[in-house]
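Chain residues, written in single-letter form:
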Amino acid sequence: MAMRNSHLAIILGVWLALAACSKATQDKTGQDLKAVGHDAAAAAKDVANTPAAKDLGADIKQGTQEAAAKTKAAADQAGDKLKAGTQKAGADLKSGAKDAEHKTDAAVDKAKDDVKH
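Novice: What am I meant to see in the overall build of the chain here?
Specialist: Tallying secondary structure elements over the chain gives three helices and zero strands in all. Going from N to C terminus, the chain has its helices and strands arranged as α-α-α. By residue count, 1% of the 117 residues in the chain fall in the buried class. Surface summary for the chain: the accessible area is close to 10000 Å², and the carbon and sulfur share equals 64%.

Dropping the structure here:
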């Protein structure tokens, strides 16, 4: 934020200085500022076209692909573990239900025997 304010202060100072200058000086300064803008755009384009910038883009792309592959592998592994856990829980539940059924049957049979005697 402070850097933005300092940029605004510089721009304001340039405009105030321009307002105090003659028309010819204002035109020359305006042309100079346009030239600086064009030079900056050209420099940015030159940087973007350098092999280092292109390599950086390729590295970022490769890193993104590697991260996506690792994320997919981790998600697949988590899915497999969840599936195995669900199957085990289902088997445990089924076993527990059978065990409860046998205990209930035994308790009913004992209760019948106790009533008969």
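Novice: Looking at this structure, how should I read a negative patch on the surface?
Specialist: On the surface, a cluster of negative charge is made up of Glu101, Asp105, Asp109 and Asp113. As for its position among the elements, Asp105 is in helix H3 (residues 51-116).

Novice: For this particular structure, what's the right way to read the pattern of salt bridges?
Specialist: When the charged atoms of two side chains with opposite charge come close together, those side chains can pair. Taken as a whole and judged by the stated rule, the model has three salt bridges. Close ionic contact of Lys88 with Asp92 constitutes a salt bridge, the shortest N to O distance being 2.9 Å. Here Lys88 and its partner Asp92 are both found in helix H3, four residues apart, which amounts to about one turn of the helix. Take Asp92: its relative accessible area is 45%, and that puts it in the partly exposed class. Put simply, Lys103 and Asp99 hold a salt bridge, and the shortest N to O gap is 3.6 Å. A residue pair is termed a helical-turn pair when its members lie 3 or 4 positions apart in one helix, as Lys103 and Asp99 do in helix H3 at four residues.

Novice: Before we go on, may I ask you to explain the confidence of the model for the chain in this structure?
Specialist: Predicted coordinates in areas of low pLDDT are best not read in detail. Confidence along the chain averages 78 in pLDDT terms, with 82% of residues attaining 70 or more. The least confident element of the chain, judged by mean pLDDT, is helix H1 (residues 2-20) at 66; the most confident is H3 at 84.

Novice: Any chance you could explain a nonpolar patch on the surface here in plain terms?
Specialist: On the surface, a cluster of nonpolar side chains totalling about 250 Å² of accessible area is made up of Ile10, Val14 and Leu33. Summarising the element assignment, Ile10 is placed in helix H1. Assessed through its relative accessible area of 55%, Ile10 is described here as exposed.

The rules behind these values
Residues numbered from 1 in each chain as written. Predicted model: local features only at pLDDT ≥ 70, side-chain atom pairs only at ≥ 80, totals over all residues. Heavy atoms only, no water. Helix = DSSP H or I, 4+ residues; strand = E, 2+ residues; numbered from the N terminus. Buried < 20%, exposed > 50% of the residue type's maximum accessible area, 1.4 Å probe, protein only. Areas by Shrake-Rupley, 256 points an atom, 1.4 Å probe, with all protein chains shown as cover. Patch = residues over 30% accessible without salt bridge, like charges linked within 9 Å, V, L, I, M, F, W, Y side chains within 5 Å. Salt bridge = Lys/Arg side-chain N within 4 Å of Asp/Glu carboxyl O. Lys, Arg positive; Asp, Glu negative; His and termini not counted. Charge placed at Lys NZ, Arg CZ, Asp CG, Glu CD. pLDDT = per-residue confidence, 0-100.

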